[in-house]
Amino acid sequence: MPPSHISIFLLCGILTLAIPLPGLLHARAHAEELVFAVGEFEPHHYMEQGTPTGFCIDIVREAARRLDIEVNFLFYPLKRGLYLAQQGEVAGSLSLYHTEERAEYLIFSHETMECSTLTIFGLQERDRNVAELSDITDLTLLQVRGTSYPRDVQNIMDSFSSITVKDDVASQ
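Reading the values: rules and limits
- Residues numbered from 1 in each chain as written.
- Predicted model: local features only at pLDDT ≥ 70, side-chain atom pairs only at ≥ 80, totals over all residues.
- Heavy atoms only, no water.
- Helix = DSSP H or I, 4+ residues; strand = E, 2+ residues; numbered from the N terminus.
- Buried < 20%, exposed > 50% of the residue type's maximum accessible area, 1.4 Å probe, protein only.
- Pairing = 2+ DSSP bridges.
- Arc of directions from axis to C-beta.

Undergrad: It is not clear to me how the environment of Ile-136 should be interpreted in this structure. Could you clarify?
TA: By the secondary structure assignment, Ile-136 is in the loop between strand 7 (107-108) and strand 8 (140-141). Taking the relative accessible area as the measure of exposure, Ile-136 reaches 6% and is therefore buried. Once the C-alpha coordinates of Ile-136 and Ile-156 are considered, the two residues, 20 residues apart in sequence, prove to be 9.9 Å apart.

Have a look at this one:
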């Protein structure tokens, strides 16, 4: 039985899931399988002995099983996965923060089931009392390439000096 439009949105609503419109239409029309581009992001999604695993993957697999939808997970660097989603070559991705840029080509679920902790590391010799991010804006910030954060955190992070990393999606 092919998945209905409602079934696909039920699958989308269980965790932070982003699906490009072409991927959604492809799944409705063909109903063979939904392919998600994910990255190594333990414990959310990662490879273990050649098998995609992690709590996000487990949740999507169970929802897909209940909806009689086949799913597959391909591992790519974040920027490459976003590019593939934008091109409609994959049905979507997992564990993405909503951004205005991404919302131009992805449909985000309204509810999320996961949360992340922002952790700050520093050298022990440079002992500092940090109560909030604004206490350390005089430092240089290193950020994972392509990663987005919630708007309130991003606003503070934008006040840091940063290192620019070349984003050449075609070579990733």
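Undergrad: Which parts of the structure should I look at to understand the pairing of strand 2 (residues 34-38)?
TA: The two faces of the sheet receive side chains in turn, since in a regular strand these alternate between them. Where burial is concerned, most of strand 2 is hidden: 5 out of the 5 residues are buried. With 5 bridges joining them, strand 2 and strand 5 (residues 71-75) adopt parallel strand pairing. Bridging from a neighbouring strand, Ala-37 pairs with Leu-74 of strand 5. Across 2 bridges, the pairing between strand 2 and strand 6 (residues 92-94) is parallel. Among the inter-strand pairings, Phe-36 is bridged to a residue of strand 6, identified as Gly-92.

Undergrad: How should helix 4 (residues 78-86) be read in this particular structure?
TA: Side chains of residues three or four places apart in an α-helix project in the same direction, reflecting 3.6 residues per turn. For helix 4, the complete set of buried residues consists of Gly-81, Leu-82, Leu-84 and Ala-85. Viewed along the axis of helix 4, the buried residues span an arc of 160°, placing them on a single side of the element. Of the residues trailing helix 4, Gly-88 is marked for its positive phi of about 75°.

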